[in-house]
Structure formats: C-alpha cells, structure tokens
Amino acid sequence: MCARKLAMIVLDGLRFDTAVTHMGYLHHLVEYGIAARFQVRSELPSLSRPLYEVLLTGTPVWKNGISSNQTVRLSHQESLFHLTQKNGMSNAAAAYCWVSELYNKAPFNPFYDRIQLNTDKPIQNGMFYWEDHYPDTHLFADANFLLNGYNPDFLYVHSMNIDDDGHKHTADSARYRNRVLAADSILANVLPAWIDAGYQIIVTADHGMTADGNHGGTSSADRDVPLFVISDLISPGIREEAIPQLQVAPLACHLLGISPSKEMQPLKNVGGLSKTSP
C-alpha cells in the first residue's frame, strides 16, 4: 500500500446513541456517500487513559499495563506515532496532556511541556492542554496550526469538552447533548479543508457516558461509541454490526498504508470495513 495522510479525531466521552442523534454534519456525509459510520464496543475498563493507549497501540489493558487513569508512565507499546516515524512519515498531535505522558514525557509539566515542536520523541510535533474545559474551538485551532504548519502524515486530535460536560451534567442533560452539537459544528468548519488537503478522516471516541455522569463500567452507555471514516478505502454507509475497539489502530495503519505492529490484531473485513488499497 502507498503512504497516505490521516487525521484521527477522538471526541472524549461521546456515546454512540448521542452521536447518532446529534451529529448532523457527519451524518450528512454518511447520507451523501462520503463517510461510513460504525458502532464500536470499547475495551475495559471504559476509562480515558487506558483507552487512549488502546486506540493508539491496538493492545488490551492486560497486555499494555495502562490499567487506570492513575497509571502515569510512558507506554511500553509501539503506537501509531512510533509506527509513522518507523515508516519515514511525520506526525503531530493536538491533545490532552495524558497523551504526552503516554508517548513523550511523564509526568507532564504544564509550564514546560505544553508546546513540543520538532522533537525526536514519538510525537514529533505536539500541542497539549491540561484542563478538561479547554475549549474545543481552541483545540481545533491548535490542530489546524499543526496541519498547516507541519503538514503531518498522521494528525491526532483529542478533545475533552463532551466528556467534561458529561461529568458535570450527566449524559442525560441538555448541556451534554448541546456540547455534541457544538463539536459537530466545529467539524463542519474544519473537515472540508482537511479533506481538500488530502487527509482521510477518522472520528471516534474512547468511551461513552452514563446518566450518572460517569463511565468505567460495562454498560452500553459506558462502552458503545461511534466511528466515522472518510476514505476512498472504506465503502460509505451505515454498518449495523459492532466492531471491537482493538480494530481502530490497525484500521489507522491500513489507511496510512503502513504495516501494523506485531501486537495489533489483524484488520478484519467486518461489514465492508476494509477495501483493497488502490
């Protein structure tokens, strides 16, 4: 496969059913045959830091050892950042500070580690924030700066506002649902230019959110999250069969045109998930 560009967007705390009812722009792309929508069942525990590691390394918690939000250390696994560098590709991330702690520097020092550009670390160019209410509008401006300034082959974007409002007001609240609408509106403003710049797009989430304003358990509200893919390697439309979250990292490798790590699952052809690269 030839190398291709990919922007991977993780909307922290976005549950599947709310994405289905409140993400109008992404579903417009689905209706017009531009995007595919899948349902993903998250790994356990359905907590943030463990699932960041799952999404970026394709390994389960028992193997990677990132078992809780309090596991503050560098990853021992080969991530998408490592793999892009290994294949002579560039990468960048606009993300929560825990992503830096997993792949660049742990613990995170906000006075020194917020902006990490032209590094020799797994994340070559990073802009990191540490407050959950850091505005998604600012985050996507950070991501747009990295995309236009550094032209990375792999861009990772991770927002926290949906999760933050879910914890403060629960998933069964107007604040949570309106925050999902706001994220969809931001995507409507940035994705057309990113697609025109040659980027394939993944939009997904780490975990969901419950009516108690939390996550970490085994319910559908905790675990079921969306996956939207915009790529000519993926047939558009809605897939009804849920896929495991461990498939997201090998899917990203497939879209980038690189081989997955030896620890990742083989990419399965679930509901037309994978097409042969042109």
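Above this note sits the structure.
> Help me understand the overall build of the protein chain in this model?
What the protein chain contains, in helices and strands, is 12 helices and 10 strands. For the protein chain, the spread of C-alpha atoms along the three principal axes comes to 45 × 45 × 35 Å. A separation threshold of at least 6 residues defines the contact pool for the protein chain, and within that pool the share at least 24 residues apart is 72%. In the structure as shown, the protein chain presents an accessible area of about 10600 Å², 51% of it carried by carbon and sulfur atoms. If you average the places of the 21 positive and of the 28 negative side-chain charges in the protein chain, the two averages end up 4 Å apart.

> What exactly am I supposed to notice about the environment of Met23 here?
With respect to the helices and strands, Met23 occurs in the loop between helix H1 (16-22) and helix H2 (24-31). You can call Met23 buried: its relative accessible area is 1%. For the pair formed by Met23 and Asp224, sequence separation is 201 residues and the distance between their alpha carbons is 16 Å. Beyond its immediate sequence surroundings of up to four residues, Met23 is in contact with Leu11, Leu14, Thr18, Val180, Asp184, Leu187 and Phe228.

> How should the pairing of strand E6 (residues 154-159) be read in this particular structure?
Successive residues of a regular strand alternate their side chains across the two faces of the sheet. For E6, the buried fraction is high: 6 of the 6 residues fall into the buried class. Summarising the sheet, strand E1 (residues 5-11) and E6 pair through 6 bridges and their orientation is parallel. Counterpart to Ile9 in the pairing with E6 is Val157. Bridging between strand E3 (residues 91-96) and E6 involves 4 bridges; their strand directions are parallel. The residue of E6 that forms the bridge with Ala93 is Tyr156.

> Help me out: how do you make sense of the nonpolar core in this one?
Soluble globular proteins: nonpolar side chains tend toward being buried together. Within the largest apolar cluster, 84 residues are counted, with the highest numbers of intra-cluster contacts made by Ile9, Tyr156, Leu191 and Trp194. The element contributing the most residues to this core is helix H10 (residues 174-196), with 8 residues. Those residues in contact with Leu191 that sit more than four places away from it in its chain are Ile9, Tyr25, Leu26, Ile201 and Ile230.

> Where do I start with the pattern of salt bridges in this structure?
Where side chains of opposite charge bring their charged atoms close, a pairing between them can arise. Taken as a whole and assessed by the stated rule, the structure comprises 13 salt bridges. Here Glu263 ties to Lys63 by a salt bridge, and the two come within 2.9 Å at their closest N and O atoms. Residue Glu263 is located in the segment after helix H12 (248-256), and its partner Lys63 is located in helix H4 (residues 61-64); the two are separated by 200 residues in the primary sequence. By relative accessible area, Lys63 is classed as partly exposed at 32%. In this structure, Asp172 engages Arg177 in a salt bridge whose closest nitrogen and oxygen atoms are separated by 3.5 Å. The exposure class assigned to Asp172 is exposed, which follows from its relative accessible area of 58%.

> Would you take a moment to explain helix H8 (residues 136-150) for this structure?
Owing to its 3.6 residues per turn, the α-helix aligns residues three or four sequence positions apart on the same side. End to end, H8 covers 21 Å across 15 residues, agreeing with the expected 21 Å (1.5 Å per residue, within 8%). Directly beyond the C-terminal end of H8, a positive phi value near 50 degrees is found at Asn151.

Rules used throughout
Residues numbered from 1 in each chain as written. Predicted model: local features only at pLDDT ≥ 70, side-chain atom pairs only at ≥ 80, totals over all residues. Heavy atoms only, no water. Helix = DSSP H or I, 4+ residues; strand = E, 2+ residues; numbered from the N terminus. Contact = heavy atoms within 4.5 Å. Areas by Shrake-Rupley, 256 points an atom, 1.4 Å probe, with all protein chains shown as cover. Lys, Arg positive; Asp, Glu negative; His and termini not counted. Charge placed at Lys NZ, Arg CZ, Asp CG, Glu CD. Buried < 20%, exposed > 50% of the residue type's maximum accessible area, 1.4 Å probe, protein only. Pairing = 2+ DSSP bridges. Core = buried A, V, L, I, M, F, W, Y, C linked by side-chain atoms within 4.5 Å. Salt bridge = Lys/Arg side-chain N within 4 Å of Asp/Glu carboxyl O. Expected span 1.5 Å × (residues − 1).

Fair warning: the whole summary comes from geometry, so function is off the table for now.
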